[in-house]
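# What the coordinates show
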Amino acid sequence: MRGMDEIQRIGVVGAGTMGNGIAQVASTAGYDVVMRDIEQEFVDDGLSSIEDSLSRFVSKEELSTDEADAIQERITGTTQLDDLADCDFVVEAAVENMEIKQDIFADLDELLPEDVVLATNTSTLSITTIASATERPAQVVGLHFMNPVPLMKGVELVVGEKTAPEAVQLGHDLAENLDKETWESDDKPGFVTNRILMPWINEGIRAYDEGVASKEDIDRGMTLGTNVPMGPLTLADHIGLDICLDASETLFEELGDRYKPAYLLKRKVDAGDLGKKTGRGFYEY
């Protein structure tokens, strides 16, 4: 298994919100990055998002223009999975669909040298089941980054049934090199964060739907009353209501009625109002 001192090139599968954020923080830490998605449009959108994010750091004088340019130049976008063949570590950040993730991991397992660790950014799906698609389950680990990746300090490290202690330690060490802090979770549905977060979000939505208070007062009550930075409705909009629904449905299937998605959450997703990314969710953007 490759150690920290051997990791120079990191592969990221997926150029969406999480994938491009992971690519950005890896490049910022000095790694060469290959970011792959299935269509050039998605790759271009991911690279554009990174450029926009870096420009905000420049405007805040947290990065110089030269530093931002160097970060961008270390990231290569591609639609070819084969371009990840010489990576020393790979993080998958594709959609939350078990069949898709297993297909990706089966392909990565064939493509990459046998000593390379494969990580998944899944927020709810079983690491053990994802790893079963490979011949290297001991070298599959969960690295669940928080959104937005460039700003959030936390990474949830998830240990599958067959994940080796060396892979776990490598996950901790790499996250630390990316200027993140970690905590560990066993491979149980929702892990630590979503197991607790999704019922909180759903209950906020139900309270709004049932007329307990306005959406503004629900969010204000939770921010002022519990000292969280965002209330449940604002946070749901930032995460993406479709992502919240997918996570809630997975937890509902695994853990039962206490995780049943709120009706209004389903209705918003059906209407295409997915939150900040579509300009409208519970609020308008």
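As the structure is a computational prediction, the values presented were derived from the model and not from experiment.

Rules and cut-offs
- Residues numbered from 1 in each chain as written.
- Predicted model: local features only at pLDDT ≥ 70, side-chain atom pairs only at ≥ 80, totals over all residues.
- Heavy atoms only, no water.
- Axes fitted to C-alpha atoms, helices over the stretch in contact; angles between N-to-C directions.
- Helix = DSSP H or I, 4+ residues; strand = E, 2+ residues; numbered from the N terminus.
- Parallel < 35°, antiparallel > 145°, perpendicular 65-115°, else oblique.
- Contact = heavy atoms within 4.5 Å.
- Phe/Tyr/Trp six-rings, centres within 6.5 Å; stacked < 30°, edge-to-face > 60°.
- Buried < 20%, exposed > 50% of the residue type's maximum accessible area, 1.4 Å probe, protein only.
- Core = buried A, V, L, I, M, F, W, Y, C linked by side-chain atoms within 4.5 Å.
- Patch = residues over 30% accessible without salt bridge, like charges linked within 9 Å, V, L, I, M, F, W, Y side chains within 5 Å.
- Areas by Shrake-Rupley, 256 points an atom, 1.4 Å probe, with all protein chains shown as cover.
- Salt bridge = Lys/Arg side-chain N within 4 Å of Asp/Glu carboxyl O.
- Lys, Arg positive; Asp, Glu negative; His and termini not counted.
- Charge placed at Lys NZ, Arg CZ, Asp CG, Glu CD.
- 1 Å grid on protein atoms, 1.4 Å probe; cavity = no way out; pocket = protein on both sides within 12 Å on 5 of 7 lines; lining within 4 Å.
- Points joined across faces, edges and corners; volume = space filled by probe spheres on them.
- Nonpolar A, V, L, I, M, F, W, Y, C, P; charged D, E, K, R; others polar.
- UniProt positions renumbered as here; feature names shortened; annotations may be inferred.
- Pairing = 2+ DSSP bridges.

So, on to the packing of helix 7 (residues 193-209) against helix 11 (residues 263-270). Between helix 7 and helix 11, the shortest axis-to-axis distance is 8 Å and the interhelical angle comes to 90°. When the interaxial angle is binned, helix 7 and helix 11 end up roughly perpendicular. Of helix 11, the residues touching helix 7 (which contributes Asn 202, Ile 205, Tyr 208 and Asp 209) are Tyr 263, Leu 264 and Leu 265.

This brings us to the packing of aromatic side chains. Applying the stated criterion to the full structure yields one aromatic pair. Between Tyr 208 and Phe 282, the ring centres sit 6.1 Å apart and the planes meet at 80°, which makes this aromatic pair edge-to-face. Of this pair, Tyr 208 sits in helix 7 while Phe 282 sits in the segment after helix 11, and the two are 74 residues apart along the sequence. Residue classification places Phe 282 among the buried positions, given a relative accessible area of 5%.

Here the focus is the nonpolar core. The biggest cluster of nonpolar side chains holds 38 residues, and the ones touching the most others in it are Ile 7, Ile 10, Ile 22, Tyr 31, Phe 89, Leu 143 and Phe 145. Sequence-distant contacts of Ile 22, defined by excluding residues within four places in its chain, comprise Val 12, Val 91, Ala 93, Asn 121, Phe 145 and Val 149. Grouped together as the second largest cluster of nonpolar side chains are 19 residues, Val 13, Leu 81, Phe 105 and Ile 127 included.

Side chains of Glu 51, Asp 52, Asp 66, Glu 67, Asp 69 and Glu 73 sit close together on the surface and give a patch of like negative charge. Breaking the negative patch down by element, the ones donating at least two residues are helix 2 (40-59) and helix 3 (65-73). It is helix 3 that contributes the most residues to the negative patch, four residues altogether. Examined against the element boundaries, Glu 73 turns out to sit in helix 3.

In this model, the second largest pocket occupies a volume close to 270 Å³. Together, 15 residues line the second largest pocket, and Val 25, Thr 28, Pro 150, Leu 178 and Asp 179 are the ones closest to its centre. Put simply, the parts of the chain that give the lining of the second largest pocket at least two residues each are helix 1 (17-28) and helix 2. The biggest single contributor to the lining of the second largest pocket is helix 1, with three residues. Across the lining of the second largest pocket, the residue classes break down as eight nonpolar, three polar and four charged.

Turning our attention to the environment of Ile 239. Positionally, Ile 239 belongs in helix 9 (residues 232-239). Residues Ile 239 and Val 158, 81 residues apart in the sequence, show an inter-C-alpha distance of 20 Å. Each residue touching Ile 239, except ones within four places of it in the same chain, is listed here: Asn 147, Leu 197, Ile 201 and Cys 244.

This part is about the UniProt feature "binding site: NAD(+)" (unreviewed entry) in the protein chain. Look at the UniProt record and you will see "binding site: NAD(+)" (unreviewed entry) annotated at Gly 14, Ala 15, Gly 16, Thr 17, Met 18, Gly 19, Asp 37, Glu 96, Lys 101, Ser 123, Asn 147 and Lys 277. A stretch of 264 residues holds the annotated residues, and the largest C-alpha distance among them is 23.3 Å, long enough that they do not meet in one place. Lining of the largest cavity among the annotated residues: Glu 96 and Ser 123. Tracing the sequence through the fold places Glu 96 in the loop between strand 4 (89-92) and helix 4 (98-111). Not counting residues up to four positions away in its chain, the partners in contact with Glu 96 are Lys 101, Thr 122, Ser 123, Thr 124 and Leu 125.

Turning our attention to the sheet that holds strand 1 (residues 9-13). Spatially, eight strands are ordered 3-2-1-4-5-6-7-8 in an open sheet, and the strand pairing comes out mixed. With one partner strand each, in any of the chains shown, strand 3 (75-78) and strand 8 (181-186) form the two edges of the open sheet. Each adjacent strand pair in this sheet contributes to an overall mean axis angle of 25°, direction not counted. In this sheet, strand 8 lies alongside strand 7 (residues 154-159) in parallel orientation, the contact comprising six bridges. Looking across to strand 8, one finds that Val 155 is bridged to Thr 182.

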